[in-house]
Amino acid sequence: MLERERHQLIQKLVDERSIIGVGDLVELLGASEATVRRDINAMAERGEIKRVRGGAEALQARHRAHLAGVPFEMSRDICVPQKRAIARAAAGMIQPGESIIINGGTTTWRLVEFLRHADLDILTNSFPIAAELLATGNSRITLPGGTIYREQNTVISPYQSDVVSHFWASTMFTGCFGINTFGLMETDPQYVQCGIRLLERAERLVVMADSRKLRQRSSMIVAGIDRVTTLITDSGAQPEELETLRRAGVDVTVADVTEADQLAAVA
């Protein structure tokens, strides 16, 4: 990631959250702690943010519910060809009339393009996914209740008993922050709890993760690797990474990026 891009993302995160720690920025930016501290110092000297002990603070604090993670609008434009190829492969696994869960995220959002003429029963916690499927598709869409998180365009319920507990799906499709033989990883405790509750309502778990995610790590596990049925990734994954997951019992699919996928990145 270029310095300019890091600074833009730091500014976005600080503005949304009012304050953010160096550790969170290291994880989200994929940069070293020294780099993040230099970025904070440079931005503070320009008067864009405040430098505080252990992190950065917005010039004007805002009080808004937030989740750890890159905002939807920024993540949407990262690895577009790979995400579209992964989504196309995932859509090919869905049968007519199937009941499925689509967890919020920019990779799963790419599924919408391939489900516009499908007749499915879909539970999703993603506003963009629900809105686009309602506008262009024939499927029945169910949204859970809960708190709206604007940065990720996601609704997460703090309650144990809601519509999720009354839904059943043959398959759940989800992205992730990272995945390895320990399991599926996320960066926010609320993401973890939401993922666990959704997983309880699905028989199979299909993880849609571009190859970057095979090298990203977090301390928060949503599910052990034994819960993952299928991983769909792209050709940027290293053979040894895929073989390790296959030995753990995961069915791995590598989606090839086509010319149409490349064109989607500039559309």
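The structure we're discussing is the one just above.
Here is a short report on the structure shown in this document. Because the structure is predicted, anything quoted here is derived from the model rather than measured.

## Quick word on the pairing of strand β11 (residues 183-186)
Next up, step 1: Examined bridge by bridge, strand β10 (residues 178-180) and β11 share three bridges and lie antiparallel to one another. The partner of Gly178 across the bridge, within β11, is Met185.
Next up, step 2: Between β10 and β11, which pair antiparallel in sequence order, lie two residues.
Next up, step 3: Note: β11 against strand β13 (residues 220-223), three bridges, orientation antiparallel. In the strand pairing of β13, Glu186 is matched with Met220.

## So, helix α2 (residues 22-29)
Next up, step 1: Of the positions making up α2, those classed as buried are Val22, Leu25, Leu28 and Leu29. Projection of α2 onto a plane perpendicular to its axis shows the buried side chains occupying an angular sector of 130°, all on one side.
Next up, step 2: Buried residues in α2 make contact with α1 (3-17), β1 (19-21), α3 (33-45) and β3 (55-57).
Next up, step 3: Trailing α2 by a residue or two, Gly30 shows a phi angle of about 70°, which is positive.

## Remarks on the pairing of strand β14 (residues 230-234)
Next up, step 1: Of all five residues in β14, five are buried, a share of seventy percent or more.
Next up, step 2: A two-sided burial pattern is seen for β14, the buried positions comprising Thr230, Ile232 and Asp234 on one face and Leu231 and Thr233 on the other.
Next up, step 3: When strand β12 (residues 202-208) meets β14, the two strands line up parallel, connected through three bridges. Pairing of Val207 across the sheet is with Leu231, part of β14.

## A look at the pattern of salt bridges
Next up, step 1: Going through the model one piece at a time under the given rule, you end up with ten salt bridges.
Next up, step 2: Asp210 serves as the salt-bridge partner of Arg212, at 2.8 Å between the closest nitrogen and oxygen.
Next up, step 3: For Glu241, the salt bridge identified is with Arg215, shortest N-O distance 3.0 Å. Of this pair, Glu241 sits in helix α9 (residues 239-247) while Arg215 sits in the loop between β12 and β13; the two residues are 26 residues apart in sequence, bridging distant segments of the chain.
Next up, step 4: Owing to a relative accessible area of 18%, Glu241 belongs among the buried residues under this scheme.
Next up, step 5: Residues joined by salt bridges that share partners form a network here, namely Arg84, Arg88, Glu113 and Asp261.

## Quick notes on the nonpolar core
Next up, step 1: Judged by nonpolar contacts, the single largest core of 31 residues is most densely connected at Ile101, Ile179, Val207 and Leu231.
Next up, step 2: Those elements that provide at least two residues to this core are β9 (169-174), α8 (189-199), β12, β13 and α9.
Next up, step 3: Top element by residues in this core is α8. It accounts for five residues.
Next up, step 4: Among residues more than four places away in sequence, those in contact with Val207 are Thr174, Cys176, Ile179, Leu184, Val228, Thr230, Leu231 and Ile232.
Next up, step 5: By size, the runner-up hydrophobic cluster in this structure holds 24 residues, among which are Ala91, Leu115, Ile129 and Leu133.

## Side note on the side chain of Lys83
Next up, step 1: Checked against the element boundaries, Lys83 lands in helix α5 (residues 80-91).
Next up, step 2: One buried charged side chain, Lys83, makes no salt bridge at all; its nearest oppositely charged neighbour is Asp210, positioned 5.1 Å away.
Next up, step 3: If near-sequence neighbours (up to four positions away) are discounted, Lys83 is found in contact with Ser75, Ile78, Thr106, Thr107, Arg110, Asp210 and Arg212.

## Let's talk about the sheet that holds strand β6 (residues 140-142)
Next up, step 1: One open sheet holds the seven strands; their spatial order is β6-β5-β4-β9-β12-β14-β15, and the pairing between them is parallel. Strands with a single pairing partner mark the edges of an open sheet, and in this sheet they are β6 and β15 (251-255). Averaged over all neighbouring strand pairs, the angle between strand axes comes to 20°, with direction disregarded.
Next up, step 2: The sheet contact formed by strand β5 (residues 121-124) and β6 spans three bridges and is parallel. Looking across to β6, one finds that Asp121 is bridged to Arg140.
Next up, step 3: Here α9 sits on the sheet in contact with β14 and β15, set at roughly 150° to β15.

## Let's talk about the packing of α1 against α3
Next up, step 1: α3 packs onto α1 with a crossing angle of 70° between their chain directions and a minimal axis gap of 10 Å. In terms of axis orientation, α1 runs roughly perpendicular to α3. Side by side, α1 and α3 meet where Glu3, Arg6, His7, Ile10 and Gln11 of the first sit next to Thr35, Asp39, Ala42 and Met43 of the second.
Next up, step 2: Split by residue class, the contact of α1 with α3 holds three nonpolar, three polar and three charged.

What counts, and where the lines are drawn
- Residues numbered from 1 in each chain as written.
- Predicted model: local features only at pLDDT ≥ 70, side-chain atom pairs only at ≥ 80, totals over all residues.
- Heavy atoms only, no water.
- Pairing = 2+ DSSP bridges.
- Helix = DSSP H or I, 4+ residues; strand = E, 2+ residues; numbered from the N terminus.
- Buried < 20%, exposed > 50% of the residue type's maximum accessible area, 1.4 Å probe, protein only.
- Arc of directions from axis to C-beta.
- Contact = heavy atoms within 4.5 Å.
- Salt bridge = Lys/Arg side-chain N within 4 Å of Asp/Glu carboxyl O.
- Core = buried A, V, L, I, M, F, W, Y, C linked by side-chain atoms within 4.5 Å.
- Lys, Arg positive; Asp, Glu negative; His and termini not counted.
- Axes fitted to C-alpha atoms, helices over the stretch in contact; angles between N-to-C directions.
- Parallel < 35°, antiparallel > 145°, perpendicular 65-115°, else oblique.
- Nonpolar A, V, L, I, M, F, W, Y, C, P; charged D, E, K, R; others polar.

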